[in-house]
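# A structural walkthrough
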Amino acid sequence: MLNLNLDMKMTESMSKSSLRNAAYNANAVYQKGNNRIMENMVSGKYPGNSHNKDLNTSSNNSNSNDSNNNNNAADKRFKTLPAAETLPRDEVLGGYIFVCNNDTMQEDLKRQLFGLPPRYRDSVRAITPGLPLFLYNYTTHQLHGIFEATTFGGSNIDPTAWEDKKCKGESRFPAQVRICIRKVCKALEEDAFRPVLHHYDGPKFRLELSIPETLDLLDLCEQNGV
């Protein structure tokens, strides 16, 4: 069983403004202990398949199929994310949302490691220690937090995590960061947190968070209680 004992108490008289400032204090007080808290939060990992679906192409030699093949190859290279999925260059990364489902969340919490599919590697490298993190379970449609990065974002920090059965020794979610729990709050339902996020392509939302978006999510978590 997992054990993390969280100790991050704030006085009831603390103002919303000071609460926001504290959220960005990289030296925020937390203590390792009761890992059982992690297991009790939720049960479930990242929709790598939804992010990494290969395009189906036919075998004929038409120009349109050649174009599809090129797009397919580009998708597999996963160098960068489309502009719609990243913050504008003039905005500072304020936080990050990782994604899971009921089948993979336990491994996230057990390993104290969050991960995303390969095409997020460059994006996740922008994560620095102390950055607020959130975990969206797309099975339950709930957002969990508040987590915190304990390392810089990297690639294959633990290649054995979410191992690819077809490629032994390789992770299905190599864009990784070590995490701890900053504060345990009740999970947010979609109708509460979605209005805060930047959406693209219908219901999809950007995982990179601006500072205002992060502060709003931190406020919602605090207001939702423990």
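Residues numbered from 1 in each chain as written. Predicted model: local features only at pLDDT ≥ 70, side-chain atom pairs only at ≥ 80, totals over all residues. Heavy atoms only, no water.

## A short note on the overall build of the chain
- Secondary structure summary: the chain contains eight helices and 12 strands in total.
- Across the 226 residues in the chain, those meeting the buried criterion constitute 45%.
- Surface summary for the chain: the accessible area is close to 11,800 Å², and the carbon and sulfur share equals 47%. (Helix = DSSP H or I, 4+ residues; strand = E, 2+ residues; numbered from the N terminus. Buried < 20%, exposed > 50% of the residue type's maximum accessible area, 1.4 Å probe, protein only. Areas by Shrake-Rupley, 256 points an atom, 1.4 Å probe, with all protein chains shown as cover.)

## A few points about the environment of P88
- Among the secondary structure elements, P88 is positioned in the loop between α4 (63–77) and β3 (93–100).
- Given the relative accessible area of 37%, P88 is considered partly exposed.

## Examining the nonpolar core
- Counting 42 residues, the largest nonpolar core has Y96, I97, F98, L116, I127, L133 and L217 as its most contacted members.
- Contributions of two or more residues to this core are made by β3, α5 (105–111), β4 (113–116), β5 (132–137), β6 (142–149), β8 (175–181) and α8 (211–224).
- Among the elements that line this core, the one with the most residues is β3, at six residues.
- Setting aside residues no more than four positions away along its own chain, Y96 makes contact with L116, Y120, S123, V124, I127, L131, P132, L133, F134, L207, E208 and L209. (Core = buried A, V, L, I, M, F, W, Y, C linked by side-chain atoms within 4.5 Å. Contact = heavy atoms within 4.5 Å.)

## A word on the pattern of salt bridges
- One pass over the structure, following the stated rule, counts nine salt bridges.
- Across the pair E107 and R111 runs a salt bridge, and its minimum N-O distance is 2.8 Å. Note that E107 and R111 are positioned in helix α5 at a spacing of four residues, about one turn of the helix.
- The exposure class assigned to R111 is partly exposed, which follows from its relative accessible area of 26%.
- Taking the shortest distance from any N to any O, the salt bridge between D201 and K204 comes out at 3.3 Å. (Salt bridge = Lys/Arg side-chain N within 4 Å of Asp/Glu carboxyl O.)

## Quick look at the confidence of the model for the chain
- Looking at the chain, pLDDT values average 75 and 65% of them are 70 or higher.
- Across residues 1–37, where pLDDT falls below 50, the model places 72 contacts with residues more than four positions away in sequence or in other chains.
- Within the model, pLDDT remains below 50 along residues 67–78, and this stretch shows 11 contacts once partners closer than five positions in the same chain are excluded. (pLDDT = per-residue confidence, 0-100.)

## Some remarks on unusual backbone geometry
- In the segment running from G145 into I146, the intervening peptide bond is cis, with an omega of 10°.
- Unlike most non-glycine residues, H141 shows phi in positive territory, near 60°.
- Looking at the element boundaries, H141 is found in the loop between β5 and β6.
- Here H141 falls in the partly exposed class, since its relative accessible area comes to 38%.
- Here the phi dihedral of N156 falls at roughly 55°; this positive angle occurs in a residue that is not glycine.
- Tracing the sequence through the fold places N156 in the loop between β7 (154–155) and β8.

## Considerations on α8
- The end-to-end C-alpha distance of α8 is 20 Å, a good match for the 20 Å that 14 residues give at a rise of 1.5 Å each.
- Turning to α8, its buried residues are E213, T214, L215, L217, L218, D219, L220 and C221.
- Following α8 by one or two positions, G225 has its phi on the positive side, about 85°. (Expected span 1.5 Å × (residues − 1).)

## Let's talk about the environment of T104
- Of note, T104 is situated in the loop between β3 and α5.
- Spatially, the C-alpha atoms of T104 and W162 are 8.0 Å apart, while their sequence positions differ by 58 residues.

## Remarks on the state of the cysteines
- Taken as a whole, this structure holds zero disulfides when the rule is applied.
- Looking at C221, it has no disulfide partner, and the nearest cysteine sulfur is the one in C185, 5.1 Å off.
- Given the relative accessible area of 1%, C221 is considered buried. (Disulfide = S-S within 2.5 Å.)

## Here's the deal with the side chain of E213
- Residue placement: E213 occurs in helix α8.
- At a separation of 3.0 Å, a polar atom in the side chain of E213 contacts the side chain of R206.
- From its side chain, E213 meets the backbone nitrogen of S210 in a polar contact 2.9 Å long.
- Not counting the four nearest positions on each side in its chain, E213 is found in contact with V196, L197, H198, R206 and E208. (Polar contact = N/O pair within 3.5 Å; in protein donor to acceptor, adjacent residues only side chain to side chain.)

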